[in-house]
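Chain and residue survey
One-letter residues, chain by chain:
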Amino acid sequence: MISLKRKTNDSSDVAAPRLNGQAPDGNASLVPVIEAHGIAKIYRIGDIEVRALDGVDVTIHRGELTAIMGPSGSGKSTLMNILGCLDQPTRGTYKLDGVDVEKLNDDQLAAIRNKKIGFVFQSFNLLRRTSAIDNVEQPLIYAGVRARERRERAAAALESVGLGNRLKHYANELSGGQQQRVAIARALVTNPSIILADEPTGNLDSKSGAEIMCLFQRLNEETGVTVIFVTHDSRIAQHTRRVIRIADGKIVGDNAITDQIIACPDKALPNPVLEKLEHAAA
Amino acid sequence: MLLRELIKLALNTLAANKPRAFLTMLGISIGVGAVIALMSIGAGVQDYITQQFSSAGANLIGVVPGRIQRGPGGGAFGAQAPLTMADYRAVAANTPNIIDISADFARPAVFAYGNKTSEVNVTGVMANFSAIRNWNARVGRMIDEADVGGRSRVVALGQTVANDLFEPGEDPLDKVIRINNVPFRVIGVMESKGASFLGDQDAVAFIPLSTAQERLFGQQSLSVTGERIVSTIYLQAASDNVVDSVIASVDELLRERRRIPADEPSDFSALSQDELINTFGAVTGVLTVFLGAIAAISLLVGGIGIMNIMLVSVTERTREIGLRKAIGARSSAILTQFLTEAVFLSLIGGLIGIGIGFGAAFLVSQFADFRPVVQASTILLAVGFSLAVGLFFGIYPARRASRLNPIDALRFE
């Protein structure tokens, strides 16, 4: 099992700007969680060859809060699908948390998604007529976790996103912001290596959107979980610490955010989120 | 992934759309119900027939002239050289393992009393007829040794004949009726055996065999060799186990007496009750299978209903399938989930169908002479069939679900 207490550091490397995550043992090494080299995705439509991705190199380290930005048609969705192990590149190598992903078959990819990736979607994708806690439990069912442990971990994950009092509510009874928080809890519950969030505030009003961004920032800071946003919205990018820009299937920029917006009204982190998650996983 | 989780998932999904699940199940329920009801009715008819034959007497063997084809579509045909009293005596003297033997002679006759008439077979019988055929007089008495020895003009009437000739409430005993214009004294009225598929069993009248052969029918009862003709020779075997050997020895003896070459079939038939039951049983068996097959068609239609609904469900839940794949469901888990749903639909439908089948069988038993028999094998067959229907018609939609590409599925609107 992947430890929740991710090893992060305070290096001011350009690719991995100043990380605010705690480094209790003072270890300063950077641990890459995503290492993608020469990624290409080529579609053939009749005689025409479409290069959705054309030689992309990305390295993302543990504990980073990153946005992959680009206009529609830039290839960012294709990149997200490949990084999320939903799709495989035509060429190139991709190591996720040390595993060579491009060699895996469908079932192995499913297992990798289950263990190492948490998805958050623009449209939440919760199961309707299903309670919040049952929704959060779903990935653990596929991981083969026993019912009792599933309950505990799902409850802890929901508590960590501030929905400890909404466990039994049906997904369709919750507000949009609450639904997205359930989705985040579902992404967190397996202790993934990365969280991939695809336009997570796209269906929310600005207040709920800010709350969601605050939640991501807080989770990143407290637990050191690696979060990657895929967005065309520069406001989301402003909440991160690094922006990778993509256009026409190529990376055109990779910058640290110097004027990061802190979404949380109070920068303090009141909830002992970390202990709760660790307690449940133990 | 645990099977328990799959079952829970399937039940939750079905519960989330109860009207649809119910309507889908209904097809299977009606199919299973029809199979159970019709097969039970078939089995009931078969039991009823067996019972009708069994009431004729225990371990009874009948020998009649002509060849009776066994199996469905059979009947007596062939050259009908009659059986005679000489045959009866030979069989009686030479057949081991029999308790009793009897012969009768039956011909149509006109019965008259006052201005009322009735036309039925009159049967000349021996004194042991009652014992061997398990049939006694309800009032008065049956033909006895003295009647046969004295060639008496006495008659025991079947219930139908008694009803035809006498007014309700009128006592037929000791009344004198005319059979083919010969006066006979009524000595008894037989127990009613009721009407069945064999015809009205009470449309009979019994007189002494000697009286029938010598006084009533005279020349008509003589064969070309001058022997008295008999219609049927009845034998009662000593036990169930020797019925076949008795039949074989009668067969051998009569073939020899009638000089039938070894390569030719017998021109007479020795049949046990079992064989008669089997002959009719084969007919009703075919009928049962036929009814079951018709009912199975409705099961098939129900199965197509399941497939239809499952296909709709897969389309509706494309995003759910995409999500499940994204969070780590293997294709096999998706396949199993949808298959479990289909199987549950058909299985629950099947269980409801058993109830419907029982109800229909019960209703039939209220209105019909016979009692439908719901056999465990029928229920197993119906449940097994509905399971198979669920699997068969569920596999295509489930495969479709499991093969969805998660990227496309997640983007599906």
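Residues numbered from 1 in each chain as written. Chains lettered and ligands numbered in written order. Predicted model: local features only at pLDDT ≥ 70, side-chain atom pairs only at ≥ 80, totals over all residues.

**Section: the overall build of chain A**
Check the secondary structure of chain A and you find 8 helices and 10 strands. Restricting the contact set of chain A to residue pairs at least 6 apart, pairs at least 24 apart contribute 70%. (Helix = DSSP H or I, 4+ residues; strand = E, 2+ residues; numbered from the N terminus. Contact = placed C-beta atoms within 7 Å.)

**Section: the overall build of chain B**
Regarding its fold elements, chain B presents 13 helices and 16 strands. Per-residue burial over chain B gives 43% buried out of 413 residues. Sequence separation of at least 24 residues holds for 82% of the intrachain contacts in chain B that already meet a minimum separation of 6. (Buried ≥ 20, exposed ≤ 12 C-beta atoms within 10 Å, placed from the backbone.)

**Examining the pairing of strand β1 (residues 32-45) of chain A**
All names here are of chain A. Bridge analysis of β1 against strand β2 (residues 48-61) gives 11 bridges, and the strand direction is antiparallel. The residue bridging E35 from the neighbouring strand is T59, located in β2. Bridge analysis of β1 against strand β4 (residues 91-96) gives 5 bridges, and the strand direction is antiparallel. Bridge assignment links H37 to a residue of β4, and that residue is T93. (Pairing = 2+ DSSP bridges.)

**Here's the deal with the pairing of strand β10 (residues 182-190) of chain B**
A regular strand carries its side chains on alternate faces of the sheet. Residues and elements named next belong to chain B. Where strand β7 (residues 137-140) lies against β10, 3 bridges are found, and the strand directions are antiparallel. Pairing of G140 across the sheet is with G188, part of β10. Two strands pair when backbone bridges link them, and strand β8 (residues 154-157) and β10 are joined in this way by 4 bridges, in the parallel orientation. Paired with V154 across the strands is R185, a residue of β10. As judged from the 4 bridges shared by strand β9 (residues 176-179) and β10, these two strands associate in the antiparallel manner. Across the sheet, residue R178 finds its bridge partner in β10, namely P183. The antiparallel pairing of β9 with β10 creates a hairpin that spans 2 residues between the two strands, and N180 there sits at a positive phi of about 50 degrees.

**Description of the packing of helix α3 (residues 132-142) of chain A against helix α5 (residues 176-188) of chain A**
All names here are of chain A. Close contact between α3 and α5 brings their axes to 8 Å; oriented N to C, the two are set at 30 degrees. Compared by their axis directions, α3 and α5 come out roughly parallel. Crossing hand, α3 versus α5: right-handed. Contacts from A132, N135, V136, Q138 and P139 in α3 reach V182, A185 and R186 in α5. Here the residues of the contact of α3 with α5 are counted per class, giving 5 nonpolar, 2 polar and 1 charged. (Axes fitted to C-alpha atoms, helices over the stretch in contact; angles between N-to-C directions. Parallel < 35°, antiparallel > 145°, perpendicular 65-115°, else oblique. Left-handed = near helix turned anticlockwise from the far one by under 90°. Nonpolar A, V, L, I, M, F, W, Y, C, P; charged D, E, K, R; others polar.)

**A look at the environment of E64 of chain A**
As for its position among the elements, E64 of chain A is in the loop between β2 and β3 (65-69). For the pair E64 of chain A and P32 of chain A, spaced 32 residues apart in sequence, the C-alpha separation works out to 9.8 Å.

**Focus: the sheet that holds β4 of chain A**
Residue and element names in this part refer to chain A. The 4 strands lie next to each other as β2-β1-β4-β5, forming an open sheet whose pairing is antiparallel. In the strand order of this sheet, the two ends are held by β2 and β5 (99-100), each with one partner. Packing of helix α1 (residues 76-83) onto the sheet brings it into contact with β1, β2 and β4, and relative to β1 it is tilted by some 125 degrees.

**Digging into the interface of chain A and chain B**
Contact residues are listed per partner, giving 20 residues for chain A and 17 residues for chain B. Every element with two or more residues in the side of chain A that touches chain B is listed here: α2 (106-116) and α3 of chain A.

**Things to note about the confidence of the model for chain B**
All names here are of chain B. The pLDDT averaged across chain B works out to 86; a share of 94% of its residues lies at or above 70. Residue range residues 71-76 is modelled with pLDDT below 50. Its contacts to residues more than four positions away, or to other chains, number 12 contacts. In the model output, the complex is listed with pTM 0.69 alongside ipTM 0.83. (pLDDT = per-residue confidence, 0-100.)

**Examining the environment of N59 of chain B**
Residue and element names in this part refer to chain B. In this fold, N59 is placed in the loop between α2 (18-54) and β1 (60-65). Accessibility expressed as a C-beta count within 10 Å gives 22 for N59, which makes it buried. The residues touching N59, leaving out its near neighbours within four places in the chain, are Q236, A237, S239, D240 and V243.

**With respect to the nonpolar core**
In this structure, I68, L158, A185 and L196 of chain A together with V35 of chain B are the most contacted members of the largest nonpolar core, which totals 128 residues. Sort the elements by how many residues they give to this core and α2 of chain B lands first, with 16 residues. When residues no more than four places from it in sequence are discounted, the contact partners of I68 of chain A are K76, L79, M80, I228, F229, V230, I244 and I246 of chain A. By size, the runner-up hydrophobic cluster in this structure holds 55 residues, among which are V122, V186, V204 and V246 of chain B. (Core = buried A, V, L, I, M, F, W, Y, C linked by C-beta atoms within 7 Å.)

**So, helix α6 (residues 206-223) of chain A**
An α-helical segment advances 3.6 residues per turn. Residues three or four places apart therefore align on the same side. Residues and elements named next belong to chain A. Here α6 spans 25 Å end to end across 18 residues, near enough to the 26 Å set by a 1.5 Å rise per residue. In terms of burial, α6 is a largely internal element, 13 of the 18 residues being buried. Just downstream of α6, G224 is the residue with a positive phi angle, here 75 degrees. (Expected span 1.5 Å × (residues − 1).)

**Overview of unusual backbone geometry**
A positive phi is found at C85 of chain A, a non-glycine position, where the angle reads about 60 degrees. Summarising the element assignment, C85 of chain A is placed in the loop between α1 and β4. With phi around 50 degrees, N180 of chain B is a residue other than glycine that occupies positive phi space. With respect to the helices, strands and loops of the structure, N180 of chain B is situated in the loop between β9 and β10.

**Quick word on the sheet that holds strand β8 (residues 226-231) of chain A**
Residue and element names in this part refer to chain A. As summarised here, the arrangement of the 6 strands in space is β6-β7-β8-β3-β9-β10, forming an open sheet in which the pairing is mixed. Across the chains shown, the open sheet's two edge strands, defined by having one partner strand only, are β6 (117-120) and β10 (250-256). Across the sheet, the mean angle from the axis of one strand to that of its neighbour is 20 degrees, orientation sign disregarded. Two strands pair when backbone bridges link them, and β3 and strand β9 (residues 242-247) are joined in this way by 4 bridges, in the parallel orientation. By the bridge assignment, A67 is partnered in β9 with V243. Strands in contact with α1 are β3, β7 (194-198), β8 and β9; relative to β8, the strand with the most contacts, it is inclined by about 150 degrees.

**As for the environment of K103 of chain A**
Looking at the secondary structure, you find K103 of chain A in the loop between β5 and α2. For K103 of chain A, a count of 10 C-beta atoms within 10 Å corresponds to the exposed category.

**A look at the confidence of the model for chain A**
Residues and elements named next belong to chain A. Put simply, chain A has an average pLDDT of 84, and 84% of its residues get 70 or more. No element of chain A has a lower mean pLDDT than helix α8 (residues 273-281), which averages 51, and none a higher one than β6, which averages 96. Segment residues 1-28: pLDDT under 50, and 56 contacts once partners within four positions in sequence are set aside and those in other chains are kept. A low-confidence stretch, residues 268-275 (pLDDT under 50), is modelled with 11 contacts involving residues beyond four sequence positions or located in other chains.

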